[in-house]
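# Notes for the structure review
Here is how the chains run, residue by residue.
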2 protein chains.
Amino acid sequence: MTTIRDVAKLADVSVATVSRVLNQTGNVSPKTLQRVEAAISQLNYQPNDVARSLFKGRSKMIALFVPDIMNPFFPELARAAEDVASKHGYTFVLCNTDGDGEKELTYLKALKQKSVDGIIIVSSTLSKDAMAHLDLPIIALDRKIGTNIAAVTVNNRKAAQQAVTHLQEVGCKRIAHIRGPQGASNAEDRMAGYIDIVGQTDWFNPSFICEGDYTADHAYKAALDLLQQHPEIDGIFAANDLMGVGVLKAAAALGKKVPDELAVIGFDGIALGEVTIPTLSTMAQPTYDIGARAAEMLIEHIDTYDLNRFVEPVEYEVKLIKRQSTERRTNDDK
Amino acid sequence: MTTIRDVAKLADVSVATVSRVLNQTGNVSPKTLQRVEAAISQLNYQPNDVARSLFKGRSKMIALFVPDIMNPFFPELARAAEDVASKHGYTFVLCNTDGDGEKELTYLKALKQKSVDGIIIVSSTLSKDAMAHLDLPIIALDRKIGTNIAAVTVNNRKAAQQAVTHLQEVGCKRIAHIRGPQGASNAEDRMAGYIDIVGQTDWFNPSFICEGDYTADHAYKAALDLLQQHPEIDGIFAANDLMGVGVLKAAAALGKKVPDELAVIGFDGIALGEVTIPTLSTMAQPTYDIGARAAEMLIEHIDTYDLNRFVEPVEYEVKLIKRQSTERRTNDDK
């Protein structure tokens, strides 16, 4: 392997000079620069990032934690973050945590050992304390982690209010909610938005709120139970689109017509919602933008790292997309 | 930062002994082991992978190149490969190449500098020669790269023959093909399978083969043109499911009934095909299995690396899944 010493020898300069050329620090005369560059080129010398990161404590790597890249919301986030990482010369590490706190800690430890420069985390289980001793720049994405870790999220509570209001506007009188996982800040906020709107109505029933875990299968079963126990329910706000698809399947299995007998709205804006039968109304997030913004913030955070510096959280707006699953009913007075 | 010397000092043993404990090499007495472990625990010492990889030339990292993680075929591959990587203690790097040869070379160079241990590559543009000088274990996934790089693929040609035969069996008399990108081995093999079946028929027309790039948008436009120029076409074999969805959209836009006037079959078996209107028949790949197998092969290859050792390619079977888009027509003699 060619080393920096070989380059220095061929260019007839010191190792320190070659280092200054490589790191673009300090003055080097044009003539010397030319000699060093010629030697680098002739020897096909490639500075080794491993040695460099040992020296600087930097690896030029960032990581993204997602529960599962197979949930169709996450590939777009990952693509956005990787695009930004790559643009800035960072290598992008992907970790599927399954929302499992122990897996998350194992990943954190492994990445710390690899001197990863910073991490973007989608998590409901990690606490600020678990990460404090890591001494690493971290950005929370999609879900907040404590109050001191900078987060890129959407205005979940307000968007949930809008979703439920939309169901009311198309004529729903008994609206249920299939919530996201316990402890996920976005799930709590979306449920709070639902309660903001229906909590004071005379028909409100806490058993209209179903547990969910953001998967279609679980929501399918939950919706089957819910609709059998409470046939009066005529609207469901699912906390994400995958669960919305599960609700559509449950309605089909029970012979309930969507939207005439049951209106359904999801959250996220994944492409899947455009091809279901019927198509699924949703609160669409600017997914690529929030993934890219999280990566930009992380890299800026790495460059100016100061554990005590407060990084402003960022909250994006969500947009109501009306599709067939909430088309105004022909019979509004039922 | 705590170093191995601090551990050795506290445990009152040599650095070499601590190293033997950490790497689980050589004999250490139970008593010494206990002392070293107590010291590691007390000092919260974490051996640094960067230093270790500089020493061993290993980083315990593998990478996966995909054209775009947002194509719904790739998240399952990525999940499978990451699961296997993580099980074996490897960190998993994801690179979106957009099928762009220059981007691929930039990634390769960056990963080489980071001493990545091996790469799984989904590519139509990289040549064996471009990778030869890298001196790195590589597994080709989904698409072959030359003949000397081990590949994990499916039997594309035979599966394409099956898809076209299925269209014939449900009554199609004029079958078109929307192919994948030029130069992608899987696209070439799928087209060859199509020609195997229809090439000798009296109606075969080379302009029934449309260019495609595995995206829905492009296939939508291609199918619009094709069906307008050749209204006699009554069956389309799309080289992947995303393009199959594009064909369904084009048929809907032209008022062509699927499957009665046009039968459609895709390839891959992504979840999207289960929720389209109508649902999409497909040649389903064992996606998770091939992603996991590629990662297993790569890690085995890393452990026993020998550039001259031939790694057997692996070919998986594909399964025909019949859905609404190819349900037998009511009027078979049209």
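Basis of the calculations
Residues numbered from 1 in each chain as written. Chains lettered and ligands numbered in written order. Predicted model: local features only at pLDDT ≥ 70, side-chain atom pairs only at ≥ 80, totals over all residues. Heavy atoms only, no water. Pairing = 2+ DSSP bridges. Helix = DSSP H or I, 4+ residues; strand = E, 2+ residues; numbered from the N terminus. Buried < 20%, exposed > 50% of the residue type's maximum accessible area, 1.4 Å probe, protein only. Phe/Tyr/Trp six-rings, centres within 6.5 Å; stacked < 30°, edge-to-face > 60°. Lys NZ or Arg CZ within 6 Å of the ring centre and 35° of its normal. Contact = heavy atoms within 4.5 Å. Buried area = accessible area lost by both parts, 1.4 Å probe. Salt bridge = Lys/Arg side-chain N within 4 Å of Asp/Glu carboxyl O. Least-squares fit on C-alpha atoms with pLDDT ≥ 70 in both. Axes fitted to C-alpha atoms, helices over the stretch in contact; angles between N-to-C directions. Parallel < 35°, antiparallel > 145°, perpendicular 65-115°, else oblique. Left-handed = near helix turned anticlockwise from the far one by under 90°. Nonpolar A, V, L, I, M, F, W, Y, C, P; charged D, E, K, R; others polar. Expected span 1.5 Å × (residues − 1). Domains from an automatic or database assignment. Lys, Arg positive; Asp, Glu negative; His and termini not counted. Polar contact = N/O pair within 3.5 Å; in protein donor to acceptor, adjacent residues only side chain to side chain.

Before going further, it helps to spend a moment on the sheet that holds strand β9 (residues 263-268) of chain A. All names here are of chain A. Spatially, β7-β6-β8-β9-β10-β12 is the arrangement adopted by the six strands of the open sheet, whose pairing is mixed. Lying at the two open borders of the sheet, with one neighbouring strand each, are β7 (209-210) and β12 (319-321). Taken together, the two bridges between strand β6 (residues 175-178) and β7 define a ladder with parallel strand orientation. For Ile178, the partnering residue across the bridge sits in β7 and is Cys210.

Our next topic: the pairing of strand β9 (residues 263-268) of chain B. Residues and elements named next belong to chain B. Counting buried residues in β9 gives six out of six residues, a clear majority hidden from the surface. Alternating residues of β9 divide into Ala263, Ile265 and Phe267 and Val264, Gly266 and Asp268, and every residue in both groups is buried. Bridge analysis of strand β8 (residues 235-238) against β9 gives three bridges, and the strand direction is parallel. Along β9, the bridge assignment pairs Gly235 with Ala263.

On to the packing of aromatic side chains, then. The final tally for this structure, using the stated rule, is eight aromatic pairs over all chains. Relative to B:Phe74, the ring of B:Phe73 lies with its centre 5.5 Å away and its plane at 65°, an arrangement referred to as edge-to-face. When its relative accessible area of 3% is taken as the criterion, B:Phe73 is described as buried. The residue whose ring lies beneath A:Arg190 is A:Phe267, and the NZ or CZ to ring-centre distance is 3.8 Å.

Turning to the interface of chain B and chain A, a few remarks are in order. Each partner contributes residues to the interface: chain B has 44 residues there, and chain A has 45 residues. Surface buried jointly by chain B and chain A totals about 3700 Å² across both partners, of which 59% is contributed by carbon and sulfur atoms. Our enumeration of links across chain B and chain A arrives at four salt bridges. One salt bridge connects A:Asp68 with B:Arg79, and the closest N-O pair in it is separated by 3.2 Å.

Here we come to the relation of the copies chain B and chain A. The two copies are related by a screw motion: chain B maps onto chain A through a turn of 180° and a shift of 0.2 Å along the axis, at an RMSD of 0.3 Å. Look at the turn and shift together and you get a two-fold axis relating the two. Nearest to the rotation axis, the C-alpha of B:Val93 is located 2.2 Å from it, this being the minimum over chain B.

Residues and elements named next belong to chain B. Across the interface, helix α10 (residues 216-229) lies against helix α11 (residues 241-254) with an axial gap of 7 Å and an inter-helix angle of 45°. In terms of orientation, α10 and α11 fall into the oblique class. Crossing angle aside, the handedness with which α10 passes α11 is right-handed. Contacts between α10 and α11 pair Ala216, Ala219, Tyr220, Ala223, Leu224, Leu227 and Gln228 from the former with Leu242, Met243, Gly246, Val247, Lys249, Ala250, Ala253 and Leu254 from the latter. Broken down by class, the residue content of the contact of α10 with α11 amounts to 12 nonpolar, two polar and one charged.

The next point concerns helix α9 (residues 185-198) of chain A. Residue and element names in this part refer to chain A. Relative to the 20 Å expected for 14 residues at 1.5 Å per residue, α9 spans 20 Å between its end C-alpha atoms, a close match to the ideal helical length. For α9, every residue scored as buried is listed here: Ser185, Asn186, Ala187, Arg190, Met191, Ala192, Gly193, Tyr194 and Val198. In this structure, the buried residues of α9 make contact with α8 (156-169), β6, β7, β8 (235-238) and β9.

Turning our eyes to something else, we now look at the sheet that holds strand β12 (residues 319-321) of chain B. Residues and elements named next belong to chain B. One open sheet accounts for six strands, arranged β7-β6-β8-β9-β10-β12; its pairing is mixed. In this open sheet, the two strands that pair with only one neighbour each are β7 (209-210) and β12. The sheet contacts of helix α9 (residues 185-198) involve β6 (175-178), β7, β8 and β9, and relative to β6 the element is tilted by about 170°. Running at roughly 150° to β6, α10 makes contact with β6, β7 and β8 of the sheet.

Here we take up the domain arrangement of chain A. In many analyses, interface size is given as the accessible surface area lost on bringing the parts together. Once the domains are mapped, chain A shows domain 1 (4-47), domain 2 (61-154 + 287-317) and domain 3 (156-285 + 320-333). Look at where the C-alpha atoms of domain 1 of chain A and domain 2 of chain A centre, and you get two points 37 Å apart.

Residues and elements named next belong to chain A. Of note, Lys256 is situated in the loop between α11 (241-254) and β9. Comment: no salt bridge for buried Lys256; closest opposite-charge side chain is Glu261, at 5.6 Å. From its side chain, Lys256 meets the backbone oxygen of Pro231 in a polar contact 3.3 Å long.

To continue, consider the pattern of salt bridges. Scanning all chains against the criterion turns up 18 salt bridges over all chains. The salt bridge partner of A:Arg79 is B:Asp98, with a shortest N-O separation of 2.8 Å. In this pair, A:Arg79 sits in helix α5 (residues 74-87) while B:Asp98 sits in the loop between β2 (91-96) and α6 (101-113), so the two residues belong to two different chains. Residue classification places A:Arg79 among the buried residues on the basis of a relative accessible area of 7%. A salt bridge links A:Arg143 to A:Asp142, with the shortest nitrogen-to-oxygen separation between them at 3.4 Å. Note on accessibility: A:Arg143 and A:Asp142 belong to one class, buried. Among the charged side chains, a salt-bridge network with shared partners connects A:Asp68, A:Asp98, A:Lys103, B:Arg79 and B:Asp83.

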